[in-house]
Amino acid sequence: MANKISDETIEYVGILAKLELSGEEKEKAKTDMEKMLDYIDTLNELDTEGVTPMSHVFPVNNVFREDVASQKDGRWDTLANAPKSKDNSFKVPKTIG
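For clarity, every value in this text was computed on a predicted model and none was experimentally measured.

## Some details on a nonpolar patch on the surface
- Taken together, Tyr39, Leu43 and Leu46 make up a surface patch of nonpolar side chains, about 330 Å² in accessible area.
- Take leucine 46: it is sitting in the loop between α2 (23-44) and α3 (75-80).
- By relative accessible area, leucine 46 is classed as exposed at 55%.

Rendered as structure tokens:
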């Protein structure tokens, strides 16, 4: 099952990829693409009946903590780290003259 790619297709792919290919480069790209398509056809011959599809190669677990409501908002801890504060807010230098 040999896949064949036309010159027009290679030209179109070159335009999409914004590549200027010489004649030799176009032929090499055409050969490489045909080999890739042939390999994909080979993979499609595999029996995948009963194989569970994967979204990731490794198991993915939720790494986020539970959202727990509390009465403390951390405002005082944050203000304690501020270089300057005024009226329970950050005091910042004026940026617009």
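## Comments concerning the packing of aromatic side chains
- Enumeration over the complete set of coordinates arrives at zero aromatic pairs.
- Here the guanidinium or amino end of arginine 75 rests over the ring plane of tryptophan 76, the centre of that ring lying 5.4 Å away.

## Describing unusual backbone geometry
- Notably, lysine 18 is not glycine yet its phi reads approximately 55°, a positive angle.
- Looking at the secondary structure, you find lysine 18 in the loop between α1 (7-16) and α2.
- Judged by its relative accessible area of 76%, lysine 18 falls in the exposed class.

## Concerning the pattern of salt bridges
- Using the criterion set out here, one finds four salt bridges in the structure.
- Note that lysine 28 is salt-bridged to aspartate 32, the shortest N-O span being 3.2 Å. Here aspartate 32 and lysine 28 lie together in helix α2, a separation of four residues that amounts to about one turn.
- In this structure, a network of salt bridges that share partners links the residues Asp7, Glu27 and Lys30.

What counts, and at which threshold
- Residues numbered from 1 in each chain as written.
- Predicted model: local features only at pLDDT ≥ 70, side-chain atom pairs only at ≥ 80, totals over all residues.
- Heavy atoms only, no water.
- Patch = residues over 30% accessible without salt bridge, like charges linked within 9 Å, V, L, I, M, F, W, Y side chains within 5 Å.
- Areas by Shrake-Rupley, 256 points an atom, 1.4 Å probe, with all protein chains shown as cover.
- Salt bridge = Lys/Arg side-chain N within 4 Å of Asp/Glu carboxyl O.
- Helix = DSSP H or I, 4+ residues; strand = E, 2+ residues; numbered from the N terminus.
- Buried < 20%, exposed > 50% of the residue type's maximum accessible area, 1.4 Å probe, protein only.
- Phe/Tyr/Trp six-rings, centres within 6.5 Å; stacked < 30°, edge-to-face > 60°.
- Lys NZ or Arg CZ within 6 Å of the ring centre and 35° of its normal.

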